[in-house]
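# Structural description and commentary
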2 protein chains.
Amino acid sequence: MAITKTVGEYVFGSGSFEQLADLLRPRREIEGAPVVFLLDHFFAGSGLMSRLPAEDDDQILMVDTTDEPTTDSVDGFTLRVRETCDREPAAVVAIGGGSTLDTGKAVSNLLTNPGQAADYQGWDLLRHRGVFKIGVPTISGTGAEASRTCVMLNAEKNIKLGMISEFSIFDQLLLDPDLTSTVPREQFFHTAMDTYIHCVESLGGRFRHPVADSFSKEALRLCRESLLEDDMQSPGSREKLMVASYLGGSAIGNSFVGVVHPVSAGLSMVFHTHHCIGNCIALNGLDEFYPEEAAEFRRMRDVQNIPPPPKVCTGVTEDQLVQLYDATIVHAKPLANALGDRFADILNFDKAASIFRQL
Amino acid sequence: MAITKTVGEYVFGSGSFEQLADLLRPRREIEGAPVVFLLDHFFAGSGLMSRLPAEDDDQILMVDTTDEPTTDSVDGFTLRVRETCDREPAAVVAIGGGSTLDTGKAVSNLLTNPGQAADYQGWDLLRHRGVFKIGVPTISGTGAEASRTCVMLNAEKNIKLGMISEFSIFDQLLLDPDLTSTVPREQFFHTAMDTYIHCVESLGGRFRHPVADSFSKEALRLCRESLLEDDMQSPGSREKLMVASYLGGSAIGNSFVGVVHPVSAGLSMVFHTHHCIGNCIALNGLDEFYPEEAAEFRRMRDVQNIPPPPKVCTGVTEDQLVQLYDATIVHAKPLANALGDRFADILNFDKAASIFRQL
């Protein structure tokens, strides 16, 4: 049984973004070095950007999250920090959704570990603690703020894999539900569903971790309150979903996902579908494995007045089906967690192809 | 809004005690110094004691928990460590219930901060991070494993107060539910109720912290499953109550208790009632403020076949009632959390005296 780590230090609450300067002050005093802010490009020119507690010599880098992070994009940011700053920064602050948070974690790690992002895709490959890192999520659901990974696409190796390491955990979080008030409605819903999905996958699997189970159950309770009984974007629901995302991220670090994430990863590799919408597309077609959850997803969609996810596999070719299957079945751990060691007999090519054709 | 801290690193699971040596190895390598084990005297000569991963020069100190920790007892342990070990220990490992865990935290802090325990009773008085500390609870309920305090009686000043500081948080926890299998049944129940009580107090108060609320709700769910629907000492329930205790401790660090703890503190100061049984005695007589919770407590007692708590106030004198009231009403924060700023009008002397007379 391995040691479990999550972020043990956080500020939570409406308006707490104003405390970012206070969180940074001791870091600036100890290190005597500038701070690097990585900000989701969604906030370019926004009020949030003008409220960044940036000082002279600090660096503000905009993260284009049109596509998900790649090893190349992470290497690019790392290089820009190195070229501008001759010292190790006092802190890296990542402000945005899962892509920006993951980029911030990866850059922080690469500033203290030699080489390139691709060198550290995998389990426990980092040798040194990264630069002190603070995560500030502006959308709730991915759990990236609490997880011990930072996922990157690697085009050369055709893999999507994170730097899975205790060093990929943020040192502190600033959780301000006000920051999620400007998220477009469909994106808000699909991202919230990420928490719902990884928690039902975790609880439906064979592997059990009692602390993760508790985090997952409470996260699901909050998802249901917010998505079935209220407007998901009300202040109260945004607060609940921010807690749910943190708990779900803490849970999934100590457990495993199931069938949804591998299928979604297939879509991501072949069609470049983003993580959260990909999960929704997958769950929507996985009634055979998750009958109650797929139905509840559709109920949540109805309550929140969100249209069905787009069809991505219309006209899928046989070649693409092979690619989709390969990129799905490679995820042995979550599939075994959900279906047992003989998962490839259950989710064989024909079964998977019939599922994909409907997505 | 202050920053929240809890223990972010832990090993959880049946049999995980065997991993204590693995947790200590990196500390030994970095520090090149011995380890100090503080072990609840309940385990003197036990199998657990023989399984301690102690090496040459390590120190094993037995903690007599007949009475709760005092500033004097903590100073005594600190002196013994200093006299035996000319270096800072590599780690302090506290193995036991709340009293032992709190003693371990306090000793760890005093090994790096000059002066005596009494100098640090209060809020944020410690200047230096303590010796690396690992908590190993052997009974579930107090939440001491996750809290940011270590409570000590101070006879000279007639107060019961902790070193409330981020430095009073364990660096790592080892949570092995097997260790709670030998707890005497009544003590097991009354200690489990500590989690139940501080969670209902927190959720019943005016102050709200959404993360603490989630921790409290999930902890209560686990308490109810274990105490109403199962034998509380079954392996499954012991596991759940260990999670509940950790969550409850994490919750209470970010919120406030209510009326039960102040009344219990009064009993503690006047009759030296231990914390957990004192809470049960108090809740059992506080139907006016906690009607559903007091009734649920008695249902749990019935299900688990636990006798009512002893009467401690039979024949209480007027002088004692004054002392009880003074030692209760001094807890302004929790009382205001439960009853509002005019708490002293609601819980006036006559009201409190009528409650105490029935305890």
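Parameters at a glance
Every chain begins its residue count from 1, and numbering advances along the sequence as written. All chains are assigned letters beginning with A, and all ligands numbers beginning with 1, in the order in which they are written. With the structure being a predicted model, the display of local features is reserved for residues of pLDDT at least 70 and the display and counting of side-chain atom pairs for 80 or more, all residues being used for whole-chain, interface and lining totals. Side-chain descriptors were evaluated using all non-hydrogen atoms of the structure, hydrogens and water having been removed beforehand. A run of H or I in DSSP counts as a helix once it spans at least four residues, and a run of E counts as a strand once it spans at least two, with each numbered from the N terminus. With a 1.4 Å probe rolled over the protein chains alone, any residue whose accessible area is under 20% of its type maximum counts as buried; one over 50% counts as exposed, and the rest are partly exposed. We call two residues contacting when some pair of their heavy atoms lies within 4.5 Å. As defined here, a cavity is a set of points on a 1 Å grid over the protein atoms alone where a 1.4 Å probe fits but cannot get out. A pocket is an open set with protein on both sides within 12 Å along at least five of seven lines, and residues line them when an atom is within 4 Å of a point. Grid points are joined across faces, edges and corners, and a volume is the space filled by probe spheres set on the points. In this count, Pro and Cys sit with the nonpolar residues alongside Ala, Val, Leu, Ile, Met, Phe, Trp and Tyr, while Asp, Glu, Lys and Arg are called charged and the others, Gly among them, polar. Pairing between strands is defined by DSSP: at least two bridges between the two strands are required. A fitted line through C-alpha atoms represents every axis, and for helices the fit uses only the stretch in contact; the resulting angles, taken between N-to-C directions, go from 0 to 180 degrees. Note: buried area is the sum, over both parts, of the accessible area (probe 1.4 Å) each one loses when the two are combined. Just to be clear on terms, a salt bridge is a Lys or Arg side-chain nitrogen sitting within 4 Å of an Asp or Glu carboxyl oxygen. Within 3.5 Å is the distance limit for a polar contact, defined as a pair of N or O atoms, with the added protein rule that one can donate a hydrogen and the other accept it, and that residues adjacent in sequence qualify only through two side-chain atoms.

### Side note on the environment of B:A94
All names here are of chain B. Relative to the helices and strands, A94 is located in strand 5 (residues 91-96). A relative accessible area of 0% places A94 in the buried class. C-alpha of A94 to C-alpha of M242: the two residues are 148 residues apart in sequence and 16 Å apart in space. With near-sequence residues (within four places) excluded, A94 lies in contact with L38, T100, L101, G104, I134, G135, V136 and F170.

### Details of empty space enclosed by the protein
Across all of its chains, the model carries 3 cavities of 30 Å³ or more by this definition. Approximately 50 Å³ is the volume found for the largest cavity. Lining of the largest cavity is provided by A:T6, A:F215, A:Y246, A:S250, B:T6, B:V7, B:F215, B:Y246 and B:S250. Only helix 7 (235-252) of chain A together with helix 7 (235-252) of chain B provide two or more residues apiece to the lining of the largest cavity. Its residues placed into classes, the lining of the largest cavity shows 5 nonpolar, 4 polar and no charged. Each residue belonging to the lining of the second largest cavity can be placed in one class, and the counts come to 6 nonpolar, no polar and no charged.

### A closer look at the sheet that holds strand 4 (residues 59-63) of chain A
The mixed open sheet is built from 7 strands, whose spatial order is 4(A)-3(A)-5(A)-7(A)-10(A)-2(A)-1(B). At either end of the open sheet lies a strand with only one pairing partner, and these are strand 4 of chain A together with strand 1 (4-5) of chain B. Where strand 2 (residues 9-12) of chain A meets strand 1 of chain B, 2 bridges bridge the pair, whose relative direction is antiparallel. Bridged to A:E9 within strand 1 of chain B is B:K5. Seen against the sheet, helix 3 (residues 71-84) of chain A touches strand 3 (35-40) and strand 4 of chain A and runs at an angle of roughly 165 degrees to strand 4 of chain A. Against the sheet, helix 7 of chain A touches strand 2, strand 7 (133-137) and strand 10 (172-175) of chain A, its axis set at about 170 degrees to strand 2 of chain A.

### A word on the interface of chain A and chain B
Taken together, the contacts link 28 residues of chain A with 28 residues of chain B. At the boundary of chain A with chain B, total buried surface from both sides reaches about 2500 Å², with 61% on carbon and sulfur atoms. Applying the counting rule to chain A against chain B returns 2 salt bridges. For B:K5, the salt bridge goes to A:E9, with nearest N and O atoms at 3.4 Å. The tally of links between chain A and chain B comes to 8 residue pairs in polar contact (both at pLDDT 80 or more). Within the residue set of the side of chain A that touches chain B, elements represented by two or more residues are strand 1 (4-5), strand 2, helix 6 (210-228) and helix 7 of chain A. Element by element, the count of residues in the side of chain A that touches chain B is highest for helix 6 of chain A, at 8 residues. Here the residues of the side of chain A that touches chain B are counted per class, giving 13 nonpolar, 9 polar and 6 charged.

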